[in-house]
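Notes for the structure review
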Amino acid sequence: MTSPMTHQQTVDFFEQHSFFGMSKEDVWFFQQGTMPCLTPEGKIILESPGNIACNPDGNGGVYPALKKSGLLDQLRSSGVKSLHVFSVDNPLCRPADPRFVGYCLSKAADCGNKCVWKASPDEKVGVMAKKGGRPSVVEYSELDDARKAQRDASGRLVFGAGNICNHFFSVDFLLDVVVPKMSTMFHLAHKKIPYADDEGKTVKPESNNGVKLEAFIFDVFPMSRRIAILETFREEEFAPVKNAPGTATDSPDTARQMVNLLCRSWVEKAGGQTDGDASAVLEVSPLLSYAGEGLTEHVAGKTIKVPCNLGP
């Protein structure tokens, strides 16, 4: 899923790289929608004369975008039974993870969520819980301090199943349950929205002046008949990129180092060694190994000079 601002750039990138070895016909692009920005009274905001202020409709916009593009119907007619949907900003994510998909299928789940346990009560991620008896993601801001810190008899956080935007859905669930209810999914977010003043000039406000409508991808969890939740290891599958380079956490630098550490552990487990600075990145191409398997014949007894991209 692309946005109107990134669509052509993304398509061009895939074409320049020959679709990374895949058939062009097997790579489908579709655009996220937008919603008009509103005043607190519900009137549409103009960003400039003749131009309505709009915002992307949130990652929950994947559902109407899939439907509007015709891809949901195309998936069903092609015999596709399920989807693995994940955020683009996690380089450790394992696309179409057979363990996760297989687990969800074994539980006859129409919806699944892969989680990592929170590192501390103050980690600002949503968690899996029940609201009104239904499975939901409870946002960090929705939990009081007592619940954030609550632990079980073993000392583990009770509300610790951190949501990392890594989901499984059956195609039938999306078409038959989610699509008919999409209009009820939008949330209000009070934001600073540039607007046209009486002279037609665009003004950037210093405080919140309007409302954006957005949907979250996990809003469909309460609709699930049977949801499956799988916990995984943070160091193996979650390296988020949320902040600018140089930031201490969740930056390109920290994600790169997590990729480096994981790939080094694979090589060492397979009997290889590395030579070079600890910060020099070793990356194992997914064309060579999906999750560390099959490396012995390539690295056993060898020393890998880093930095290195280890490929087939």
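Relevant structure appears above.
So, here is what we can say about the structure in this document. Every residue gets a number counted from 1 within its own chain, in the order that chain's sequence is written. Residues qualify for local features only when their pLDDT is at least 70, as the model is predicted, and side-chain atom pairs are given and counted only at 80 or more; totals for whole chains, interfaces and linings, by contrast, use all residues. Heavy atoms from the whole structure form the basis of all side-chain values; hydrogens and water molecules are not counted.

1. Considerations on the overall build of the chain
Rules: Here a strand is any run of E in DSSP of at least two residues, a helix any run of H or I of at least four, and the numbering for each starts at the N terminus. Here the term buried applies to any residue with accessible area under 20% of the maximum for its type, exposed to any over 50%, and partly exposed to those in between, with areas from a 1.4 Å probe on protein chains only. Contacts: residue pairs with any heavy atoms within 4.5 Å of one another. Per-residue and other accessible areas follow the Shrake-Rupley method at a 1.4 Å probe size, with only the shown protein chains counted as cover for residues. Charged-residue counts in this description rest on Lys and Arg as positive and Asp and Glu as negative, His and the chain ends being excluded. Taken as the charge centre is NZ of Lys, CZ of Arg, CG of Asp or CD of Glu, depending on the residue.
Helix and strand counts for the chain stand at nine helices and 18 strands. On the principal axes, the C-alpha backbone points of the chain span a range of 70 × 50 × 45 Å. In the chain, buried positions account for 41% of the 312 residues. Intrachain contacts of the chain at a sequence separation of at least 6 include 66% that bridge at least 24 residues. Carbon and sulfur atoms form 53% of the exposed surface of the chain, whose accessible area is close to 17,400 Å². Measuring between centres, the 34 positive side-chain charges of the chain sit 5 Å from its 38 negative side-chain charges.

2. Here we look at the pairing of strand β14 (residues 227-231)
Short version of the rule: Between any two strands, pairing holds if DSSP finds at least two bridges.
The alternating pattern of β14 places Ala 228 and Leu 230 on a buried face and Ile 227, Ile 229 and Glu 231 on a face that is not buried. Judged from the five bridges that link them, strand β6 (residues 111-117) and β14 form a sheet pairing that is parallel. Looking at the pairing, Cys 111 lines up with Ile 227 of β14.

3. Things to note about the pattern of salt bridges
Under the convention used in this document: Definition used for salt bridges: Asp or Glu carboxyl oxygen within 4 Å of a side-chain nitrogen of Lys or Arg.
Considering all chains together, one arrives at 16 salt bridges under this definition. A salt bridge links Arg 99 to Glu 237; its shortest N-O distance comes to 2.8 Å. Taken as a pair, Arg 99 in helix α4 (residues 98-106) and Glu 237 in helix α7 (residues 234-237) lie far apart in primary sequence, 138 residues in all. Classification of Glu 237 by relative accessible area gives buried; the value is 0%. Arg 156 is paired through a salt bridge with Glu 231; the nearest N and O atoms lie 2.6 Å apart. Taken together, the positions of Arg 156 in the loop between α5 (145-149) and β9 (161-170) and Glu 231 in strand β14 put the pair 75 residues apart, joining distant regions of the chain. Its relative accessible area of 33% is what places Arg 156 among the partly exposed residues. The class for Glu 231 is partly exposed, based on a relative accessible area of 40%.

4. Notes on the nonpolar core
For clarity, the cut-off: Among buried residues, those of type Ala, Val, Leu, Ile, Met, Phe, Trp, Tyr and Cys that are joined through side-chain atoms within 4.5 Å constitute a nonpolar core.
In terms of nonpolar packing, the biggest core is built from 31 residues, with Tyr 63, Phe 169 and Val 220 touching the most fellow members. Sorting the residues of this core by element identifies α2 (62-69), α3 (71-77), β5 (82-86), β6, β9 and α6 (171-178) as the ones contributing at least two each. Take this core: its biggest share by element is five residues, from α6. In contact with Phe 169, other than residues within four places in its own chain, are Tyr 63, Lys 81, Ser 82, Leu 83, Val 85, Asp 110, Cys 111, Leu 174, Ile 217, Val 220 and Phe 221.

5. Examining the packing of aromatic side chains
Rule in force here: In this analysis, rings of Phe, Tyr and Trp, with Trp reduced to its six-membered ring, are considered paired at centre separations within 6.5 Å, and the interplanar angle assigns stacked below 30 degrees, edge-to-face beyond 60, and tilted for intermediate values.
This structure, assessed with the given rule, holds seven aromatic pairs. Note on Phe 14 and Phe 20: the rings are 5.4 Å apart at their centroids and 80° apart in plane angle, and the pair reads as edge-to-face. Exposure remark for Phe 14: the relative accessible area of 21% places this residue in the partly exposed category. Residues Tyr 63 and Phe 169 carry aromatic rings whose centres are separated by 5.9 Å and whose planes lie at 85° to one another, so their mutual orientation is edge-to-face.

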